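Chain residues, written in single-letter form:
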Amino acid sequence: MKLIHVQANELLGIMCKQFLDSDCDQWEDSKGSYAIFYAIENGILKFVDKIAKESPKVLMWSKSDDERFPNALWAAIFHRQAEIFSLICGVADRYGSLKFSYDKHGNNILHTAGKLPPSTLINRTAGAAFQMQKELQWYKAVESIVPRYCELKNKDGKTPRELFTESHKELVKEGEKWMKSTATSCTVVGALIVTIMFAAAFTVPGGNNQNTGYPMFLKDKLFMLFIISDSISLFSSSTSVLMFLGILTSRYLEEDFLKSLPSKMIIGLSTLFFSIATMVIAFSAALLIMLREYSWIFIPAICLASVPVTLFVWMQFPLLVEMVISTFGPGVVNRKIRKCSKLCTYLSSCCS
């Protein structure tokens, strides 16, 4: 495999040198153009990066046999290759503009961002709601480069946004279904925790003093840990239930999938996780108060009490991290592409 890798790099270097000695028509008609678009489609960043460094004009002027992709940038957008998209934008800014403004159907580059990619690309992201979020982020990223393209229509009389809405109609429905099913399940769990923690606050371990009405273990540090954990669990679960109810009553517009719905889901899952953890702490503190002299009972019980938290972390925490990165991270593409002045100037001038 290492030998094949070395040979492939050598072959790519020879291709780049050959392209430098060729004119535009020769490299557009050669197999090298096919190789570039194949690399873009499959996300082979090293291949495209090598072409960009050795012969950037080849990357800029290559034309695909597929009529949907007048140039490499269109292919990178359609196949949702974020790193390659950022790379091509950087090359365009340094070495000049791309050819072709429209395809044969009158679609511009923003129409391409509005099209729904193949399911194999969509399914890279877990959950229909977050697939829709990725699609919106892609559209917004391309729109930030060519803002004047927003109102231009193709031969079917559709603007990029209208094409986006039409092609993503089913994905919006699937995202709504996914959000509602997840929110419903989590609401049930949160409501159960609210009920349990509210009842536990008035049925404290050890009972109350009949004369004063105060808890028997009021001055015990473990009792204070129990009360604090119980209160935090109650408030956290209440917050999570409210967030999930907000998701269930949402309008589910396209823009809601960009920030509003993911933010509510993140807050809901985070507070639900926190409430489960503090509930287990409250349970463990109550056992220690009542059975502190019977370690053979409370130690196994506390260990078993940690199982739900561990299972929840194992199943939901990776999804939660992915949601946080997707919603509050840098986005699907490098933000530096917005500074590609030459590319923006050229593409915007094509609208005039």
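Residues numbered from 1 in each chain as written. Predicted model: local features only at pLDDT ≥ 70, side-chain atom pairs only at ≥ 80, totals over all residues. Heavy atoms only, no water.

S.K.: Could you give an account of the packing of helix H13 (residues 221-248) against helix H14 (residues 260-291), naming the residues involved and the relevant values?
M.R.: H14 packs onto H13 with a crossing angle of 155 degrees between their chain directions and a minimal axis gap of 7 Å. As judged from the angle between their axes, H13 and H14 are roughly antiparallel. Considering the relative orientation of H13 and H14, their crossing is left-handed. Along the lines of polarity and charge, the residues of the contact of H13 with H14 split into 21 nonpolar, 11 polar and 2 charged. (Axes fitted to C-alpha atoms, helices over the stretch in contact; angles between N-to-C directions. Helix = DSSP H or I, 4+ residues; strand = E, 2+ residues; numbered from the N terminus. Parallel < 35°, antiparallel > 145°, perpendicular 65-115°, else oblique. Left-handed = near helix turned anticlockwise from the far one by under 90°. Nonpolar A, V, L, I, M, F, W, Y, C, P; charged D, E, K, R; others polar.)

S.K.: Can you explain the confidence of the model for the protein chain? Please cite residues and give values.
M.R.: Across the protein chain, pLDDT averages 80, with 84% of residues at or above 70. When mean pLDDT is taken per element in the protein chain, H13 scores highest with 92 and helix H16 (residues 341-349) scores lowest with 46. For the stretch residues 335-342, pLDDT sits under 50, and the model shows 17 contacts to residues farther than four places along the chain or on other chains. (pLDDT = per-residue confidence, 0-100. Contact = heavy atoms within 4.5 Å.)

S.K.: Can you tell me about empty space enclosed by the protein, naming the residues and giving the values?
M.R.: Within the structure shown, the criterion is met by 3 cavities of 30 Å³ or more. Every residue along the wall of the largest cavity is listed here: Leu 269, Phe 273, Phe 312, Gln 316, Phe 317 and Leu 320. At the level of secondary structure, the elements contributing two or more residues to the lining of the largest cavity comprise H14 and helix H15 (295-328). Broken down by element, the lining of the largest cavity gets its largest block of residues, 4 residues, from H15. (1 Å grid on protein atoms, 1.4 Å probe; cavity = no way out; pocket = protein on both sides within 12 Å on 5 of 7 lines; lining within 4 Å. Points joined across faces, edges and corners; volume = space filled by probe spheres on them.)

S.K.: Talk me through the nonpolar core; I want residue IDs and the actual numbers.
M.R.: For soluble globular proteins, nonpolar side chains are generally found buried alongside one another. Core analysis: the biggest nonpolar cluster contains 70 residues, and Ile 40, Leu 59, Phe 85 and Val 142 have the highest contact counts within it. Considering each element in turn, this core owes the most residues, 9 residues, to helix H10 (residues 128-145). One finds Ala 200, Phe 223, Phe 226 and Ile 289 within the second-largest nonpolar core, a separate group that totals 8 residues. (Core = buried A, V, L, I, M, F, W, Y, C linked by side-chain atoms within 4.5 Å. Buried < 20%, exposed > 50% of the residue type's maximum accessible area, 1.4 Å probe, protein only.)

S.K.: Run through the packing of helix H12 (residues 169-202) against H13, naming residues and quoting values.
M.R.: H13 packs onto H12 with a crossing angle of 150 degrees between their chain directions and a minimal axis gap of 8 Å. What the angle tells us is that H12 and H13 run roughly antiparallel. In the crossing of H12 with H13, the sense of the turn from one axis to the other is left-handed. Here the residues of the contact of H12 with H13 sort into 16 nonpolar, 7 polar and 2 charged.

S.K.: Help me get a handle on unusual backbone geometry, residues and values and all.
M.R.: Even without a glycine there, the phi angle at Arg 80 is positive, about 55 degrees. Assignment of secondary structure puts Arg 80 in the loop between helix H6 (72-78) and helix H7 (82-95). Even without glycine at this site, Tyr 252 takes up a positive phi of about 60 degrees. Mapped onto the elements of the fold, Tyr 252 is located in the loop between H13 and H14. Owing to a relative accessible area of 6%, Tyr 252 belongs among the buried residues under this scheme.

S.K.: Which residues make up the side chain of His 111, and what values do they have?
M.R.: Note on placement: His 111 falls in helix H8 (residues 109-114). Not counting the four nearest positions on each side in its chain, His 111 is found in contact with Gly 106, Leu 152, Lys 153, Asn 154, Lys 158, Thr 159, Pro 160 and Leu 163.

S.K.: Could you give an account of the packing of aromatic side chains, naming the residues involved and the relevant values?
M.R.: By the definition in use, this model includes 6 aromatic pairs. With 6.2 Å between their ring centres and 50 degrees between their planes, Tyr 252 and Phe 257 make a pair best called tilted. Phe 257 carries the same exposure label as Tyr 252, and that label is buried. (Phe/Tyr/Trp six-rings, centres within 6.5 Å; stacked < 30°, edge-to-face > 60°.)

S.K.: Mind laying out the pattern of salt bridges, listing which residues take part and the relevant values?
M.R.: Charged atoms that come close allow side chains of opposite charge to pair. In total, this model carries 8 salt bridges according to the counting rule given. For Glu 255, the salt bridge goes to Lys 140, with nearest N and O atoms at 3.4 Å. A residue pair is termed long-range when its members are at least 10 positions apart, and Glu 255 in the loop between H13 and H14 and Lys 140 in helix H10 qualify at 115 residues. Taking the relative accessible area as the measure of exposure, Lys 140 reaches 29% and is therefore partly exposed. When the shortest N-O distance is used, the salt bridge between Glu 254 and Arg 161 registers 2.9 Å. A residue pair is termed long-range when its members are at least 10 positions apart, and Glu 254 in the loop between H13 and H14 and Arg 161 in helix H11 (residues 160-167) qualify at 93 residues. Judged by relative accessible area, Arg 161 falls into the partly exposed class, the value being 23%. Connected via shared salt-bridge partners are Lys 140, Arg 161, Glu 254 and Glu 255. (Salt bridge = Lys/Arg side-chain N within 4 Å of Asp/Glu carboxyl O.)

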